[in-house]
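Here are the chains, one letter per residue:
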Amino acid sequence: MIEELQTYNISVYLDAVMNHKSWGDYTEKFTVRQVNPANRNETTSEPFEIQGWTGYNFPGRNKKYSDFEWHWYHFSGTDYNDATKQSGIFQIQGENKNWSEGVDSENGNYDFLLGNDLDLNHPEVIAELNRWGIWVSKELNLDGMRLDAVKHMNDVFVKQFLAAIRTDKGAEFYAVGEYWSGDLDSLNKYLDTLEHSIDLFDVPLHYQLFAASQQGGEYDMQRLLDNTLIQTIPNCAVTFVDNHDSQKGSSLESLVQDWFKPHAYAIILLMERGYPCLFYGDYYGTNGEKSPHRLIIDILLEIRKKYAYGEQIDYFDHPTTVGFVRKGDKEHIGSGLCLLMSNDRDGEKIINIGIEHKGETWYEFTNNIKDKVIIDESGNGKFLVKGKNIAVWIKE
Ligand code: CA
């Protein structure tokens with residue numbers, strides 16, 4: 001399947017969860033201290049022995065792909081004591097056993113997320129994960145990886161892990177990290193430590209889109225891209241509207257409201273910067289329900305493919321009507337576009353799209369507006385958008 005996808009120039013990335021393991025094969029006895037979930041640096045018990053599901057010998061694997069067996073000392077924390085059937089955050093005790101450095105500082109130290117938290121400072125763990133990363137990338141001929149939950153993982157580990165794979169697979173091996181934080185400073189700090197060797201999902205942009213969708217006309221659209229990755233470090237930004245974690249009923253629920261989805265997808269799909277990521281649920285639907293957004297996403301994807309080329313000129317200059325121009329390029333005949341978005345009433349903007357366009361007729365591609373625009377002698381056009389809607393103007 002991977003080979004077939006690559007025949008059509010579709011890159012294949014593996015989703016790698018290396019922060020935690022669950023469902024051990026057997027229990028082991030070891031010493032822990034319980035910690036306060038709101039501040040993991042604060043212990044709330046003396047050391048005591050528990051029975052945790054930390055033993056992994058993979059009987060079904062029978063050492064075929066790896067003979068590595070995991071034990072309690074390969075982990076820094078666990079969440080269940082089978083002896084007493086009690087849940088909690090239990091920090092594993094032992095020589096050199098601490099929560100890791102180089103993780104997010106939320107909850108004191110956010111090394112532990114759930115399950116059995118891998119000790120990414122343990123030499124055997126580092127060696128086994130590096131060996132696995134190189135092996136799986138080669139075995140499946142991967143083009144890259146999505147690294148899950150990197151805010152809970154030692155940043156220095158992640159940096160050397162990617163370096164190890166790239167030594168084998170080449171420098172172009174792609175990586176995007178899921179660092180779920182709306183705080184741009186945290187993302188910047190992380191990217192600095194990794195020397196920009198990884199992209200990150202633009203979570204701050206997601207939260208701007210979410211806020212805009214909730215606040216309607218009260219939201220100042222001029223601020224839509226403020227404090228986002230796309231605005232500050234666009235080369236490392238993977239833009240998205242929603243994902244499996246932000247959807248309804250999920251742990252980080254912050255679903256962009258339906259009326260604003262066209263705006264949100266127009267931004268990420270038509271802008272010059274960023275690596276846009278389309279959410280399966282927005283296209284195919286979730287829970288067996290069809291998505292109402294598929295039609296507009298298809299239209300925007302067609303516009304992206306045919307017209308979204310060339311330099312971008314921003315018009316984030318009005319509280320309720322904003323947009324941008326793509327100037328087009330010579331490789332794509334007739335390319336270029338003018339996007340306008342409103343979060344309140346009908347809007348209009350006089351925009352100069354370049355004197356080389358004088359005399360042209362432009363029309364509105366999403367079919368919301370029937371009127372056409374004639375570009376005048378100086379290259380100006382008066383473009384319209386309907387209230388709470390988007391308009392994408394294209395040369396006829
Ligand atoms: Ca961790």
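Structure: above.
Residues numbered from 1 in each chain as written. Predicted model: local features only at pLDDT ≥ 70, side-chain atom pairs only at ≥ 80, totals over all residues. Heavy atoms only, no water.

Chemist: Got a sec to walk through the overall build of the chain? Specific residues and values, please.
Modeler: Each helix and strand in the chain was counted, giving nine helices and 20 strands. Oriented by its inertia axes, the alpha-carbon framework of the chain measures out at about 80 × 45 × 40 Å. Counting all 396 residues of the chain, 51% fall into the buried class. A separation of at least 24 residues holds for 66% of the contacts in the chain among residues at least 6 apart in sequence. For the chain, the exposed area adds up to about 19,200 Å²; of that, 48% sits on carbon and sulfur atoms. Charge centroids of the chain, computed over 38 positive and 61 negative side chains, lie 5 Å from each other. (Helix = DSSP H or I, 4+ residues; strand = E, 2+ residues; numbered from the N terminus. Buried < 20%, exposed > 50% of the residue type's maximum accessible area, 1.4 Å probe, protein only. Contact = heavy atoms within 4.5 Å. Areas by Shrake-Rupley, 256 points an atom, 1.4 Å probe, with all protein chains shown as cover. Lys, Arg positive; Asp, Glu negative; His and termini not counted. Charge placed at Lys NZ, Arg CZ, Asp CG, Glu CD.)

Chemist: Can you tell me about the side chain of His20, naming the residues and giving the values?
Modeler: The residue His20 is located in strand β2 (residues 20-21) in this model. Of the residues examined, His20 reaches a relative accessible area of 15% and is grouped as buried. Separated by 3.0 Å, the side chains of His20 and Asn19 make a polar contact. Contacts of His20, omitting those with residues within four sequence positions, involve Leu113, Leu114, Asn116, Asp117, Leu118 and Asp148. (Polar contact = N/O pair within 3.5 Å; in protein donor to acceptor, adjacent residues only side chain to side chain.)

Chemist: Describe the coordination of the calcium ion, and please don't skip the residues or the numbers.
Modeler: Protein coordination at the calcium ion: the donors are Asn19 (OD1), Asp111 (O), Asp111 (OD), Asp117 (OD), Asp117 (OD) and His152 (O), at 2.2 to 2.7 Å from the metal. Within one chain, the residues donating to the calcium ion are spaced in sequence as N-x91-D-x5-D-x34-H. Of this pair, Asn19 sits in the loop between β1 (13-16) and β2 while His152 sits in the loop between β9 (144-147) and α3 (155-169), and the two are 133 residues apart along the sequence. Across the pair, exposure class does not vary: Asn19 and His152 are buried alike. (Donors = N, O, S within 2.8 Å, 3.2 Å for Na, K, Ca; no water.)

Chemist: Describe the sheet that holds strand β17 (residues 361-364), and please don't skip the residues or the numbers.
Modeler: Taken in spatial order, the six strands make up an open sheet running β13-β14-β15-β20-β17-β18, and their pairing is antiparallel. The outermost strands of the open sheet, each flanked by one partner alone, are β13 (312-315) and β18 (373-374). Along the sheet, helix α7 (residues 261-270) contacts β14 (321-326), β15 (337-342) and β20 (390-395); its crossing angle with β15, the most-contacted strand, is approximately 150°. Docked against the sheet, helix α9 (residues 294-306) engages β15 and β20, running at close to 35° with respect to β20. (Pairing = 2+ DSSP bridges. Axes fitted to C-alpha atoms, helices over the stretch in contact; angles between N-to-C directions.)

Chemist: So what about the environment of Glu49? Which residues, and what values?
Modeler: One can find Glu49 in strand β5 (residues 48-55). Judged by relative accessible area, which is 53%, Glu49 ranks as exposed. Residues Glu49 and Gln93, spaced 44 residues apart in sequence, show a C-alpha to C-alpha distance of 9.8 Å. For Glu49, the contacting residues outside a window of four places in its chain are Lys29, Phe30 and Thr31.

Chemist: Before we move on, could you go through the packing of helix α2 (residues 123-139) against α3 and cite the residues and values that matter?
Modeler: Contact geometry for α2 and α3: axes closest at 9 Å, N-to-C directions at 40°. Comparing their axes, α3 and α2 come out oblique. In the packing of α2 onto α3, the handedness of the crossing is right-handed. In this structure, α2 uses Ile126, Leu129, Asn130, Trp132, Gly133, Ile134, Ser137 and Lys138 to contact α3, whose residues at the interface are Phe157, Gln160, Phe161, Ala164, Ile165, Asp168 and Lys169. (Parallel < 35°, antiparallel > 145°, perpendicular 65-115°, else oblique. Left-handed = near helix turned anticlockwise from the far one by under 90°.)

Chemist: An account of the pattern of salt bridges is needed here, citing residue identities and associated values.
Modeler: In the structure shown here, the tally under the stated rule is 19 salt bridges. The partner of Glu128 in a salt bridge is Arg131, with the nearest N and O atoms 3.1 Å apart. With Glu128 and Arg131 both in helix α2 and three residues apart, the pair spans about one turn of that helix. For Glu128, a relative accessible area of 11% puts it in the buried group. (Salt bridge = Lys/Arg side-chain N within 4 Å of Asp/Glu carboxyl O.)

Chemist: Give me the lowdown on the sheet that holds strand β11 (residues 199-201), citing residues and values where you can.
Modeler: If you walk across this open sheet you meet the five strands as β1-β9-β10-β11-β12, and the pairing is parallel. What marks the edges here is a single partner per strand, and that holds for β1 and β12 (237-238). Relative to β9, β1 runs parallel, the two being bridged by four bridges. For Leu14, the partnering residue across the bridge sits in β9 and is Met145. Here α3 sits on the sheet in contact with β9 and β10 (174-177), set at roughly 165° to β9.

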